[in-house]
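# What the coordinates show
Listed below, chain by chain, are the residues.
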Amino acid sequence: MVCQECGVRPATLHFTKIVNGEKTEFHICENCAREKGELIPGTTGGFSIHSLLSGLLDLEGASKGKSSAEAKPHEVRCEECGMTYGQFSKLGRFGCSSCYKYFDKGLDPLIKRVHGSTSHVGKIPKRAGAKIRFKRQIDELKEQLQKAIAQEEFESAAELRDQIRKLEKELAQE
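Cut-offs and rules
- Residues numbered from 1 in each chain as written.
- Predicted model: local features only at pLDDT ≥ 70, side-chain atom pairs only at ≥ 80, totals over all residues.
- Heavy atoms only, no water.
- Helix = DSSP H or I, 4+ residues; strand = E, 2+ residues; numbered from the N terminus.
- Contact = heavy atoms within 4.5 Å.
- Pairing = 2+ DSSP bridges.
- Salt bridge = Lys/Arg side-chain N within 4 Å of Asp/Glu carboxyl O.
- Buried < 20%, exposed > 50% of the residue type's maximum accessible area, 1.4 Å probe, protein only.
- Phe/Tyr/Trp six-rings, centres within 6.5 Å; stacked < 30°, edge-to-face > 60°.
- Expected span 1.5 Å × (residues − 1).
- Arc of directions from axis to C-beta.

Another aspect to go through is the environment of Glu174. Looking at the secondary structure, you find Glu174 in the segment after helix H7 (154-173). Ignoring anything within four residues of it in the chain, the contact list for Glu174 reads Ala130, Lys131 and Phe134.

Now for the pairing of strand S2 (residues 22-28). The pairing of strand S1 (residues 13-19) with S2 spans seven bridges and is antiparallel. Of the residues in S2, the one forming a bridge with Lys17 is Thr24. Counted along the chain from S1 to the antiparallel partner S2, the turn is two residues long, and its residue Asn20 has a positive phi close to 50°.

Under the defined criterion, the tally for this structure stands at three salt bridges. With a shortest N-O distance of 3.6 Å, Lys23 and Glu25 are connected by a salt bridge. Owing to a relative accessible area of 37%, Glu25 belongs among the partly exposed residues under this scheme. Across the salt bridge formed by Glu168 and Lys142, the nearest N and O atoms sit 3.7 Å from each other. Highlighted residues: Glu168 in helix H7 and Lys142 in helix H6 (residues 130-150), separated in sequence by 26 residues.

Time to look at the packing of aromatic side chains. Tallied over the entire structure, the rule returns three aromatic pairs. Here Phe94 and Phe103 contribute two aromatic rings whose centre-to-centre distance is 5.6 Å and whose plane-to-plane angle is 25°, an arrangement assigned as stacked. Each member of the pair, Phe94 as well as Phe103, is classed as buried. Through successive ring pairs, a cluster of aromatic residues spans Tyr85, Phe94, Tyr100 and Phe103.

Along its 21 residues, H6 runs 30 Å from first to last C-alpha, staying within 8% of the 30 Å computed at 1.5 Å per residue. Within H6 the residues assigned to the buried category are Phe134, Ile138, Leu141, Leu145 and Ala148. Seen along its axis, H6 keeps its buried residues to an arc of 80°; they face one direction. Residues of H6 that are exposed and angled more than 90 degrees away from the buried face: Glu143, Gln146, Lys147 and Ala150. Where the residues of H6 are buried, they touch H7. One or two positions beyond H6, positive phi appears at Glu152, with a value near 60°.

These results come straight from atomic positions and should not be treated as a statement about function.
Pasting the structure below:
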């Protein structure tokens, strides 16, 4: 197969990208991959899996189309280790534990894009998970309560308040 970029050399790297059920295949040669900045297995730099994933998830390009105020996370620098958000997006890991504090505004959208949510919603054990289920149900009711109050639906808000109190009482008894 011939490289899709140059059309001359044989393609040695093959990528498949599936977006919204549409499959797209890319076939490029080592030289074109080097020109694009990708590292090839067996070369001095090795192959960066994070580079591949960040390209697929568009971690670096996510802020290119935004205004300068929204693109600020790339300019933020950790005061402890000196790492920038741009460096983090290329490496895929932080330099120190303080990076979480300095890059927190850029992490929520990233985590939501990768995992689909910013809170853990894993499995709950059937026998030991009763408290967790109660707490989740209370949290959901509290969100509904806030919405009802915002929409000035005070009767339904009162019902939700009563349900929350009942569940909190049951939770305290366990």
